[in-house]
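# Descriptive structure summary
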Amino acid sequence: MLGLLTLSRLALVAWQWQRVIDADMLANIFIQGLRFDMVMVGIVMLFPTLLLLPLATSRPLLKVWKVFLTFYLPTVAVLLTFMECSTPSFINQFDARPNILFVEYLNHPIEVGSTLLATQKLPLTLAILLCAFIAWQVSTKLKGLTANLHPVSLLSALVITPFLLLACAGAIRSTLDHRPVNPSTVALSTDPMANDLALNSAYTALYAMYEMRHEPEGGMNYGAMAPEETIERVRSQMKVHADDFVSAQLPTLHHQQATRTYPRPLNLVIILEESLGAEFVGSLGGLDLTPNLDRLASEGLWFENLYATGTRSVRGIEAVITGFTPTAARSVVKLGKSQKNFFTIAQLLGQQGYRTSFIYGGEAQFDNMGRFFVNNGFDSVIDQDDYVNPVFTGSWGVSDEDLFNRAHEEFSQSGDRPFFSLVFSSSNHSPYEFPDNRIELEGSEKHTVNNAVKYADYALGQFIEKARQSNYWDNTVFIIVADHNSRVRGAELVPVEYFHIPGLIMGGTIEPGVFKPVASQIDLPPTLLSLIGISSVHPMIGHDLTLPGMQAQAGRAIMQYNATQAYMEGGHLAILRKDLPIAEFAYRESQLIPTGSNNKELPEKALAHASWSSMTYEQQLYRLDTPNLQTAAIDDIEKSEEVIGKQ
């Protein structure tokens, strides 16, 4: 085991040599690496140690002991090998060893399996061959070692077992301190991926599962702050007058007066573009892959400094649909306490008489989206099963063309009743499958992220042109926004530049302009409510960016990067990490520059917002204070069962 994990670490360090040297982590990676490999040895050997006394001391049970050893140890070797083989691909995608995302993806074997077969054929084949070779080698060796086994005397087993258990426990704890070692032990540089190389991938995956069971659903606490102070600090940053807060039980529930009024409220369409980071958008200084979006940028309200809250689609959904801030836990789309009576703008608009829908090209059950939506205000969910004769179907569902054609059809038939819809694209998702003969390819290979971005932009442009000629354009507000970037990576504690995403609000009533300050995805729902003319009561803490003076503010954004959270205000950041002090940085020219504790308020704001998210989720305070919640819950459950039954 130690040899296998050391060889893997050597290969990973050679691959990431420059980042390891820049982080000054070379010695620590191997010293701490051996330590954490011993942790894994302790975990693996604990089970055989516990079985030694009952199985190895009895001649009738000795055969069982042999079978156990010859099955258990090769299986462990194969799992360790497979986890290390999967690490380079995971680092390429998430810039980290396998973590909670790896564990969560195991819940979706069809989508993940088809993606791996389409994009990772050679690495997958090599991994399977290597695992088979390791299994053969270990099994062969064990057969020789166990051929002449004799029972251990009961006295010997009674004497040696406690020492073996103590050795396993010592290896697992790896310290005499109050707390055992954990990933924070190797957080010795500002490059999270370099720190991760000191671990091993079986350990990081197991630790992620351990955290899922033992951390509160609302996420970890980055520090101590009294609930009263947390609420006061969060409310002070909401840009809401004290008189507008309307509930003592729900601390952020407040009245928002729309800055626009219309005889009839406008329709709202949120187009959530899969994995469209600023690095692909010419208007934001990226690659020239989005000519349609770049052209449209001058025809609506364009955001120059908009930041995603996370690195997963459910995190983007959480922000733009609920306005909820990110936590170190999973998105509220997937958590238990948010599966009913959790605020969404669909719920709010439904109470205002809107027809609400979610339109998706893939399977709505992915990441629990369908259940969350129908339980929290969406009247209908349209997914892959609802398309007849689609133009193209790939691993992640029908193409963006099919998606937008269906959306256009739905909107054209809406009649006089206002509607709200979340339209979620998927073509720009690995393995990057899309119809032929739509775009001029970048390079000779078709299935690349650059070509997928280009196709997604093509489909978006086609839809906007259709919408302009439709009966719903003049009374609809559209927002085009990314859920997150394609890959978030880099040597920084939080690679801020890869959280930068495009955002554009368009429609017949929207005047062209540019919003220059820093903005977050959580600011979009309150802003959109104003733009469609809806005054309402809600618990969202995001800013209404249409208010006077917002262009002159510094702006703020909250970004969750694995277990790390950044709170950025203008060009300054406070970064929160588990069991570590709050670090402060300036953000200049896409780099984090340590500043020390120059801004005493910024760390307190960061901690308050992180604490608020966890507290609000745990205490179920993020909801509308309506007298009909019980009836609404029953209706939502019935709708959920109906949709799930259909799927």
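Residues numbered from 1 in each chain as written. Predicted model: local features only at pLDDT ≥ 70, side-chain atom pairs only at ≥ 80, totals over all residues. Heavy atoms only, no water.

This structure, assessed with the given rule, holds 0 disulfides. Cysteine C85 is unpaired, with the sulfur of C131 as its nearest cysteine sulfur at 5.3 Å. Of the residues examined, C85 reaches a relative accessible area of 25% and is grouped as partly exposed. (Disulfide = S-S within 2.5 Å. Buried < 20%, exposed > 50% of the residue type's maximum accessible area, 1.4 Å probe, protein only.)

Once that is clear, we can look at the confidence of the model for the protein. Low pLDDT marks stretches whose predicted atomic positions should not be read closely. Per-residue confidence for the protein gives a mean pLDDT of 91; residues scoring 70 or more make up 95%. Low pLDDT, under 50, characterises residues 627-641; the predicted model gives this stretch 16 contacts beyond four residues in sequence or across chains. With pLDDT under 50 throughout, residues 643-647 is counted as low confidence; its partners more than four residues away or in other chains account for 9 contacts. (pLDDT = per-residue confidence, 0-100. Contact = heavy atoms within 4.5 Å.)

The full count for this structure, using the stated rule, is 2 cavities of 30 Å³ or more. Put simply, the largest cavity is a space of about 80 Å³. Along the walls of the largest cavity sit 13 residues, with W396, G397, S426, S427 and E433 positioned nearest its centre. By residue class, the composition of the lining of the largest cavity is 5 nonpolar, 7 polar and 1 charged. Considering the residues around the second largest cavity, the lining is formed by E273, E274, L276, T290, L293, N428, V453, A456, D457 and L460. Take the lining of the second largest cavity: its biggest share by element is 4 residues, from helix α17 (residues 449-468). (1 Å grid on protein atoms, 1.4 Å probe; cavity = no way out; pocket = protein on both sides within 12 Å on 5 of 7 lines; lining within 4 Å. Points joined across faces, edges and corners; volume = space filled by probe spheres on them. Nonpolar A, V, L, I, M, F, W, Y, C, P; charged D, E, K, R; others polar. Helix = DSSP H or I, 4+ residues; strand = E, 2+ residues; numbered from the N terminus.)

Let us now look at the packing of aromatic side chains. The geometry of an aromatic ring pair is captured by the separation of the ring centres together with the interplanar angle, meaning the angle of the planes. One pass over the structure, following the stated rule, counts 34 aromatic pairs. An angle of 15° between the planes, with centres 4.8 Å apart, marks the rings of F411 and F419 as stacked. Judged on exposure class, the residue F411 and its partner F419 are both buried. When the ring of Y472 is compared with that of F478, the centres are 6.3 Å apart and the planes differ by 50°; the resulting orientation is tilted. Comparing Y472 with F478, the two get one shared label, buried. Among the aromatic residues, ring-to-ring pairing joins F324, F342, F343, F358, Y360, F372, F373, F378, F420, F424, W612 and Y622 into one connected group. The residue whose ring lies beneath R235 is F245, and the NZ or CZ to ring-centre distance is 3.8 Å. Looking at K446, its charged tip hangs above the ring of F434, at a distance of 4.8 Å from the centre. (Phe/Tyr/Trp six-rings, centres within 6.5 Å; stacked < 30°, edge-to-face > 60°. Lys NZ or Arg CZ within 6 Å of the ring centre and 35° of its normal.)

Moving on to the environment of S189. Its place among the elements puts S189 in the loop between α8 (154-173) and α9 (192-196). Note on S189: relative accessible area 8%, which makes it buried. Beyond its immediate stretch of four places on either side in the chain, S189 contacts A23, M25, A194, N195 and L493. A polar contact is formed between the side chain of S189 and the backbone nitrogen of D191, at a distance of 3.1 Å. Separated by 2.9 Å, the side chains of S189 and N195 make a polar contact. (Polar contact = N/O pair within 3.5 Å; in protein donor to acceptor, adjacent residues only side chain to side chain.)

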